[in-house]
Amino acid sequence: MDPLEILTNKESLLPFYQPIFSADDHEIIGYEVLGRMKVDQDFHSIGSFFEDESVPDEYRLEVDDFITKKALQELSEFSEITIFINRNPNLLMLDRGDSLLHLLLSFQEQGLDLKRIVLEITEHNYHGDIEQLNHVLTYLRTYGIKLAIDNVGKEGSNLERLRMLNPDILKVDLSLLRQTTTAQSYLDILYSLSLLARRVGAALLYEDIEMLFQLQYAWRNGGRYYQGFYLAKPEQAIIDKNYRKEFLKKEFHSFITHEKKKLSAQYEICNEFTNRMYQLNTKLKTRDYDQLLFNVSQVFSKESFRIYICDGEGFQQSANLYKSQAGEWVLQAEYKNKNWSWRPYFLENIVRMNYDKRGILSDLYSDVETGEVTRTFSFPISEQLYIFIDLSYSFLFEHENLL
């Protein structure tokens, strides 16, 4: 939309509301306020207007307050609804949030509980001192206002700045999942964000969900809240909170069934591999670790591409037994005595094996050397020795429940 057209036609501006759904109750728990302009019989988004730095700041603030005021007038009476309000952090800092707070307090006097307000900002768009922004946000939060960081994952968010701002909600953008060229690195970034959210105590809100598989991804990766055209488009009015409730129950049931099937398959594979190791019996007793690796490779030839032995502190006691592209097993002596205790979950898995006296299957991860997605099956061959069997991607691919 042309900025001048927006500024000269304020009477045509109005808020639209996009529902936000909860995984807890499968209900609509709130709405994001979005600016729209009516042109003839159509409604056009004015979101880009608030990011257009060619427009004077005071005009952008004026339009933002105009939309927000209209929204609060319409939504205040619905006491159970959480209201998500967008603010450009650079505009917010012009008066250190005073104009927004003054507007919200005027509605508080009319009975609006400010705990219902969620302030959304896009952290990576802020140009100023992050500590000053944090001070302002901390002050606003003393009134009960919650903080959401928007568009996380879509552009280069600074994880350290996210930790400093300590948001209540992280809004993770899933639009890139619809691209067929989406790289594993992007999925790794999303996974890292889910870990960050857990560490800082923030709820995950996955946005831009436009297809079923994105909803499934959000559910599998800790999403408490969901938003996107697949669930509901922005509308002029709010809708029944139970809209989509039965749909979400049905889809989540299918997700749960699918996930339990995958977990069962992984357990069965782990159990099968454990039984194979037990059947090797005396072949695991030899002190010739290179020979021991070859013994194990004979029963894991189709599944594995690398096998090695470590002690309880992570020091590698054997060479690597590596399968070449020609399919031949080759010893790589240079890996002997390397220490792997720094790897995530390494020591935890050692302790688990000591307690359970059986093998365990790792989560999916990308192999540092090959770059391929893999899992590792590990097994205690004595009280102080553990064998690690890296599974090939081709094997995982043939068993879809392992991916």
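Please read these numbers as outputs of a predicted model, since none were measured by experiment.

Another aspect to go through is the domain arrangement of the chain. Here the domain parsing of the chain yields domain 1 (3-228) and domain 2 (259-402). In this complex, domain 1 contributes five residues to the contact, which on the side of domain 2 involves five residues. At the boundary of domain 1 with domain 2, total buried surface from both sides reaches about 320 Å², with 38% on carbon and sulfur atoms. At the surface where domain 1 touches domain 2, the tally comes to one salt bridge.

In this section: unusual backbone geometry. Positive phi is not limited to glycine here, since R96 has a value of about 55 degrees. Along the chain, the position of R96 falls in the loop between helix 3 (89-92) and helix 4 (98-108). Owing to a relative accessible area of 42%, R96 belongs among the partly exposed residues under this scheme. For N151, which is not a glycine, the phi torsion comes out positive at approximately 60 degrees.

Spatially, the six strands line up as an open sheet ordered 12-11-10-17-16-13, and their pairing is antiparallel. Strands with a single pairing partner mark the edges of an open sheet, and in this sheet they are strand 12 (329-332) and strand 13 (360-361). Bridge analysis of strand 11 (residues 320-323) against strand 12 gives four bridges, and the strand direction is antiparallel. In the sheet register, N320 faces strand 12, and the bridge partner there is Q332. Packed onto the sheet, helix 9 (residues 245-280) meets strand 13, strand 16 (376-380) and strand 17 (385-391) and runs at close to 45 degrees relative to strand 16.

Now for the pairing of strand 10 (residues 304-311). For strand 10, a buried count of eight out of eight residues is recorded, marking the element as mostly surrounded by other parts of the structure. For strand 10 and strand 11, the ladder comprises two bridges, and the chain directions are antiparallel. Within strand 11, the position partnered with R306 by the bridge is Y322.

As a further point, take helix 2 (residues 57-75). Along its 19 residues, helix 2 runs 27 Å from first to last C-alpha, staying within 8% of the 27 Å computed at 1.5 Å per residue. Regarding helix 2, the residues found buried are R60, L61, V63, D64, D65, I67, T68, A71, L72 and L75.

Right, let's talk about the nonpolar core for a bit. Nonpolar side chains in soluble globular proteins tend to be buried together. In terms of nonpolar packing, the biggest core is built from 67 residues, with I46, L72, I83, I117 and L174 touching the most fellow members. Of the residues forming this core, the biggest block, six residues, is contributed by helix 7 (residues 184-200). Core analysis: the second largest hydrophobic core is formed by 26 residues, I269, I387, L391 and L402 among them.

This model, assessed by the stated rule, comprises 20 aromatic pairs. Ring centres 6.2 Å apart and planes at 55 degrees place the aromatic pair W340 and W342 in the tilted group. What makes W340 buried here is its relative accessible area of 12%. Taken together, the ring pairs connect F273, Y278, F300, F377, F379 and F395 into an aromatic cluster. A cation over a ring is seen here: R244 above F247, with NZ or CZ 4.3 Å from the ring centre. The ring of F300 carries R276 above its face, with NZ or CZ at 5.2 Å from the centroid.

Attention now moves to the state of the cysteines. Under the counting rule described, the total for this entry stands at zero disulfides. No disulfide involves C270; its sulfur sits 18 Å from that of C310, the nearest cysteine. By relative accessible area, C270 is classed as buried at 8%. By relative accessible area, C310 is classed as buried at 0%.

On inspection of all chains with the given rule, the structure shows 20 salt bridges. E80 is paired through a salt bridge with K241; the nearest N and O atoms lie 3.6 Å apart. With E80 in the loop between helix 2 and strand 4 (82-86) and K241 in the loop between strand 9 (223-226) and helix 9, this residue pair connects regions lying 161 residues apart in the sequence. A relative accessible area of 35% places K241 in the partly exposed class.

Here helix 8 (residues 212-220) crosses helix 9 at 65 degrees, and the two axes come no closer than 11 Å. Classified by chirality, the crossing of helix 9 by helix 8 is right-handed. Of the residues in helix 9, those in contact with L212, L215, Q216, W219 and R220 of helix 8 are L248, E251, F252, F255, I256, H258, E259 and K262. Of the residues assigned to the contact of helix 8 with helix 9, the class counts are seven nonpolar, two polar and four charged.

Rules of the game
Residues numbered from 1 in each chain as written. Predicted model: local features only at pLDDT ≥ 70, side-chain atom pairs only at ≥ 80, totals over all residues. Heavy atoms only, no water. Domains from an automatic or database assignment. Contact = heavy atoms within 4.5 Å. Buried area = accessible area lost by both parts, 1.4 Å probe. Salt bridge = Lys/Arg side-chain N within 4 Å of Asp/Glu carboxyl O. Helix = DSSP H or I, 4+ residues; strand = E, 2+ residues; numbered from the N terminus. Buried < 20%, exposed > 50% of the residue type's maximum accessible area, 1.4 Å probe, protein only. Pairing = 2+ DSSP bridges. Axes fitted to C-alpha atoms, helices over the stretch in contact; angles between N-to-C directions. Expected span 1.5 Å × (residues − 1). Core = buried A, V, L, I, M, F, W, Y, C linked by side-chain atoms within 4.5 Å. Phe/Tyr/Trp six-rings, centres within 6.5 Å; stacked < 30°, edge-to-face > 60°. Lys NZ or Arg CZ within 6 Å of the ring centre and 35° of its normal. Disulfide = S-S within 2.5 Å. Left-handed = near helix turned anticlockwise from the far one by under 90°. Nonpolar A, V, L, I, M, F, W, Y, C, P; charged D, E, K, R; others polar.

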